[in-house]
Amino acid sequence: MDAAAFAARLVAEGASPLAVAAARDDVLLVTELLRDGAVADNGLPAANLTPLAVACEAGSARCAAKLIDAKASVNAVDVSHRTPLLAACYSGKPDCAALLLASGADLAIADKAGFSPLQMAAQEGNIECIELLVGHGASANSISVLVAHHVVTGEAVRNMATPLLLAVQHGQEHAVDLLIRLSANVDGIEAPGIDSPGSPLFLSCYQQHNNVTRRLVEAHADVCRPNAQGSAQGGTPLLAAAQFGDAATVDLLIQSGAMSSSPAAVTRALCAASQRGHAAVVELLLRSGADAEAPDAHGRTARDCAQERGHLFLLPLFAGTAPQPPDAAENEVQAAALSAMDTVHNPPANISDAEARQALSGILQGLQNGSLAFASTDPMSEYDGHGPDVTFGAM
């Protein structure tokens, strides 16, 4: 949000003239208002937002300096428990952050969601703020418990996070590189009982942040390390890359020793790639020693997974020959079924759930008998976030 829009919003919400002047970087007006008796901490009472926090979010170091000289509180918190330092780190204003730190700002105060200034800066990729905070004593391996609410149930969900995990999650390549140079633990930090993304490398592979993945591997992250907790518990980086068909990342992981993972973990990755028809990944894994006949936790081999999903073009790979391109009609059926499933799970605003399911029923009835079924169990559904998966092949 630019300065004019920020100031206009504050005016609309009933902020004090001092806060509005700070948002506009109007240092002369700020000086005049303070001289005429304006209270330095009186900004937007409804949100407990101070003019200093406004100045720091807007990046007005000049106004921030005037307010600090007038005894504005550098550690005042708003209704979200956000300090001026958090505002500066969120919006990427290192000059304001430096001024606050020199004036005694507490770099350990977190907001209601659990974000410390360093974690906020890491998530937003604000590398100058990261350097400042670590230079003033913040730890690159600090841990916060972040609190969010489940989008369906509304229940509070706790996630352990480090600055590196947050930078990885949001694909902040420069922040990841800086944090590694500042001695952040590339394998993550675990805390029992806290739902955690766990492994930075798993997370980068899952989010498909390939440059971040390469940087972590270069920094000697453990390519076999399973994810610690959460819905993806036990998943390896190899699994995350394989399920998305990212052959380049799979190859990078293999070259870096990922085939030393447990046989069960390698089989899980092979089955995930087979379920999704990722021929290049299946071929890479088989060529690197994956066992095509090994069953996964559900008793299915990679061949079974390919057949269930109708990926018959993969079957020659399991016999040691080149894969055949998928049949065009088979692709058409699969595309129609997956489109129908998407309509059910994400119906347009003008379509009710009942109408979406009726549309699905019509499409399914139009497909050949015995060519479609619903899988009762999908070992990868924990990563997909979808409901029942469509499986192809005879019932």
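Residues numbered from 1 in each chain as written. Predicted model: local features only at pLDDT ≥ 70, side-chain atom pairs only at ≥ 80, totals over all residues. Heavy atoms only, no water.

Looking only at helices and strands, one finds 22 helices and 4 strands in the protein chain. Within the protein chain, contacts between residues separated by at least 24 positions form 64% of all contacts whose residues are at least 6 apart in sequence. Surface exposure of the protein chain reaches about 18,100 Å², of which carbon and sulfur atoms provide 51%. (Helix = DSSP H or I, 4+ residues; strand = E, 2+ residues; numbered from the N terminus. Contact = heavy atoms within 4.5 Å. Areas by Shrake-Rupley, 256 points an atom, 1.4 Å probe, with all protein chains shown as cover.)

Turning our eyes to something else, we now look at the packing of helix H5 (residues 61–69) against helix H7 (residues 94–102). Helix-helix packing: each pair is described by the crossing angle between the helix axes and the interaxial distance. Where H5 contacts H7, the two axes come as close as 9 Å, and the packing angle between them is 20 degrees. Put simply, H5 runs roughly parallel to H7. When you trace H5 past H7, the crossing you get is right-handed. Where H5 approaches H7, its residues Ala61, Ala64, Ala65 and Ile68 are matched on the opposing element by Asp95, Cys96, Leu99 and Leu100. Considered class by class, the residues forming the contact of H5 with H7 number 7 nonpolar, no polar and 1 charged. (Axes fitted to C-alpha atoms, helices over the stretch in contact; angles between N-to-C directions. Parallel < 35°, antiparallel > 145°, perpendicular 65-115°, else oblique. Left-handed = near helix turned anticlockwise from the far one by under 90°. Nonpolar A, V, L, I, M, F, W, Y, C, P; charged D, E, K, R; others polar.)

Take the pattern of salt bridges next. As enumerated under the stated definition, the model contains 7 salt bridges in all. In this structure, Asp25 and Arg62 form a salt bridge, with 3.3 Å as the shortest nitrogen-oxygen distance. You can see Asp25 sitting in the loop between helix H2 (17–23) and helix H3 (27–35) and its partner Arg62 sitting in helix H5, a full 37 residues away along the chain. For Asp25, a relative accessible area of 33% translates into the label partly exposed. The partly exposed category is assigned to Arg62, whose relative accessible area is 47%. Across the pair Glu293 and Arg303 runs a salt bridge, and its minimum N-O distance is 3.8 Å. One end of the pair, Glu293, is in the loop between helix H17 (279–287) and helix H18 (302–308); the other, Arg303, is in helix H18, and 10 residues separate them in sequence. The class for Glu293 is partly exposed, based on a relative accessible area of 49%. Members of the salt-bridge network, linked through shared partners, are Asp177, Arg181 and Arg215. (Salt bridge = Lys/Arg side-chain N within 4 Å of Asp/Glu carboxyl O. Buried < 20%, exposed > 50% of the residue type's maximum accessible area, 1.4 Å probe, protein only.)

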